[in-house]
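Coordinate analysis (summary)
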Amino acid sequence: MNALLDLFTIVAVTAGAIFFLAGVVGLLRFPDTLSRLHALTKADNVGLGLIVIGLLPQSGSLYAAFKLLLVWLLVLLAGATVGQMVARVARRAESRG
Amino acid sequence: MSLVHVLEVALAVLVLGAAGWTIVARSTFASAVGFVSYGLLLALVWVQLAAIDVALTEAAIGSGLTGVLLLSAAATLRVTERRSGAGPGLPMRVFAAICCGLVTAAIAAVVLTLPEVAPTLAPEAIAALPATGVGNPVTGVLMAFRALDTLLEKFVLVLALIGVWSLAPDRCWGGHPGLKHRLPADGVLPFFARTLPPFGVLLGIHLMWTGADHPGGAFQGGTVLAAMWLLVMMAGVRDAPAIRERWLRLALVSGPVVFLAVGLAGMLAAGAFLAYPVDIAKPLILLIEVPMLLTIALALGLLVAGPPERAAGSS
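Remember, predicted model here, so these are calculated numbers, not experimental data.

Rules used in this analysis
Residues numbered from 1 in each chain as written. Chains lettered and ligands numbered in written order. Predicted model: local features only at pLDDT ≥ 70, side-chain atom pairs only at ≥ 80, totals over all residues. Contact = placed C-beta atoms within 7 Å. Nonpolar A, V, L, I, M, F, W, Y, C, P; charged D, E, K, R; others polar. Helix = DSSP H or I, 4+ residues; strand = E, 2+ residues; numbered from the N terminus. Expected span 1.5 Å × (residues − 1). Buried ≥ 20, exposed ≤ 12 C-beta atoms within 10 Å, placed from the backbone. Domains from an automatic or database assignment. Axes fitted to C-alpha atoms, helices over the stretch in contact; angles between N-to-C directions. Parallel < 35°, antiparallel > 145°, perpendicular 65-115°, else oblique. Left-handed = near helix turned anticlockwise from the far one by under 90°.

Some words on the interface of chain B and chain A
Contact residues are listed per partner, giving 6 residues for chain B and 5 residues for chain A. For the side of chain B that touches chain A, a count of residues per class yields 5 nonpolar, 1 polar and no charged.

As C-alpha cells, then:
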C-alpha cells in the first residue's frame, strides 16, 4: 500500500514538474503577451495542482492535507485574478500601440 | 557535492542574478519587479538558513510591502522620467557604482574577518526564555529582552507616517490619501478584494498569535493585514479613510501608547522600565502585541497609500 502511494506521489509530482517546465518553455518561446500568459497560468494551476495532489498521501495528517489544498485554491484564485489583470493591461497597450 | 549543496548553489546564483538584473534593468518599473523577485529568493535563502522568522519578514516587508512602495514610486516617476529623458548621466552612475562597491567591499571585509565561532548571546537568551512565558526565542528577544528596540521601532513607524502626511498640500490636509480608485463593482479585482481578505485577516491574526511559540509575530501579521487593507482600497471596494478621523489616529498611536504604559507600569511592579512581573509576563506581552498589530497594519497601509491628495468630504 505504502509503495503504491509513493508511486502515486512520484508520478503526480513528476507530471506537475513537466507542466511547470512546459510553462517556462512557453513563457520563453511564445511570441506575444497573451500566449505567454496562457502558458504561465497552465503551469501555475495544473502543475501546482498535480504537485499538491501528489503530496497529499505524504502529508501525514488530514490537517496538513487540508492546508496543502487550501494553498492550491488560494494560488488558483490569485493566479486567475492576476492573469486577467495582466491580460487587460497587455490588450490596452496593444490597441494603443 | 550532495543534492542540498547543488540546490543551495543554484539558489545563490539565482539571488545574484536577480540582484544584477535589478541593477541593469533599463526601466524603473522593471527594476522594481526585479527587486520583488530578489526579495522572494532571499526569503528562500533565510528558510535554508533555518531563520524562518527572518524569512517571513523578508517576504512580507522586504519584498512585498517595499515592492508595492517601489512600484507606486515607479508609476509616479514615469511622467518625470519621460520628460527628463534617459535618467542620471554617466558621472552620476559611476559615482553610485563606486559608493555601492565600497559598501559591498566593507561588508565583505567584516564578514570575512568574523571569528570562526561568532560571539553569541543565544544560549543565555534560550536559558532565560521560560521566564517570559513565550516559546519562540525570536519573540522573546523582541518583546522582552530587547523590548526597548521594539518600542522605538513603533515610534519610528508613526513618525514615518507623519513625515509622509506632511507632504500633503494645505487644501488636502486631513483628507483622504491617494487617488480614488474607480473600478466597475463587478470586475475581477473587486471580486478578488472581497474574496481574499477573510483568509488574509485570519492569517494575519494567526501569525501574531502563533508568534508566541512558532515563527511569526506582530510585524509579519500586521503586514499581511496591511496588504489586505491595501487590496480593498486599491480595488475601490472601500475608500481610504480621511486622516483627520479620530478613530484612525487613536488606533495608530494605541500600539506605542499601550507599550509605553506597560513599560512604565513595569517600573512600579518589577523595578525597571519595560520589565514584566514573571507570573503575568505572557498576558502582558499579548496585551502589548494586540494594539501593536493594529498600529503596524494601519501605519504600513497608510504609508503605501501615501500623503492625502483629496480634501475630506470630497469624492
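From this point, things continue past the structure.
Concerning unusual backbone geometry
Comment: phi is negative for the bulk of residues other than glycine, and the bulk of peptide bonds are trans. All names here are of chain B. Although it is not a glycine, A50 adopts a positive phi angle of roughly 65°. Positive phi outside glycine occurs at L274, with the angle close to 65°. Structurally, L274 can be placed in the loop between α10 (246-269) and α11 (281-305).

Side note on helix α4 (residues 90-113) of chain B
If you check α4(B), its first and last C-alpha atoms are 34 Å apart, about what 24 residues at 1.5 Å a residue would give, namely 34 Å. With 0 of 24 residues buried, α4(B) is to be regarded as a mostly surface element.

A look at the environment of F145(B)
Residues and elements named next belong to chain B. Topologically, F145 is positioned in helix α6 (residues 137-145). For F145, a count of 17 C-beta atoms within 10 Å translates into the label partly exposed. On a C-alpha basis, the gap between F145 and T132 in space is 9.0 Å, while along the polypeptide they are 13 residues apart. For F145, the residues in contact, after removing those within four places along its chain, are A125 and G140.

Some words on the domain arrangement of chain B
Accessible area lost upon the coming together of the parts is a frequently used measure of interface size. For chain B, the domain assignment lists domain 1 (1-86), domain 2 (90-117) and domain 3 (135-315). The straight-line distance from the C-alpha centre of domain 1 of chain B to that of domain 2 of chain B is 19 Å.

With respect to the packing of helix α3 (residues 52-84) of chain B against helix α9 (residues 218-234) of chain B
Residues and elements named next belong to chain B. Running from N to C, α3 and α9 cross one another at 30°; their axes reach a closest spacing of 9 Å. In terms of their interaxial angle, α3 and α9 are classed as roughly parallel. Crossing angle aside, the handedness with which α3 passes α9 is left-handed. Residues L56, T57, A60, I61, G64, L65 and V68 of α3 touch α9, and the partners they reach there are F219, Q220, T223, V224, A226, A227 and L230. Grouping the amino acids of the contact of α3 with α9 by side-chain chemistry returns 10 nonpolar, 4 polar and no charged.

What to know about the packing of α10(B) against α11(B)
All names here are of chain B. Contact geometry of α10 with α11 gives a least axis separation of 8 Å together with a crossing angle of 150°. Judged on the interaxial angle alone, α11 and α10 are roughly antiparallel. Considering how the two elements wind past one another, α10 and α11 form a crossing that is left-handed. Here L248, A251, L252, S254, G255, P256, V258, F259 and V262 of α10 come into contact with α11, specifically with L284, L287, I288, P291, M292, L294, T295, I296, L298 and A299. Residues belonging to the contact of α10 with α11 are distributed by class as follows: 16 nonpolar, 3 polar and no charged.

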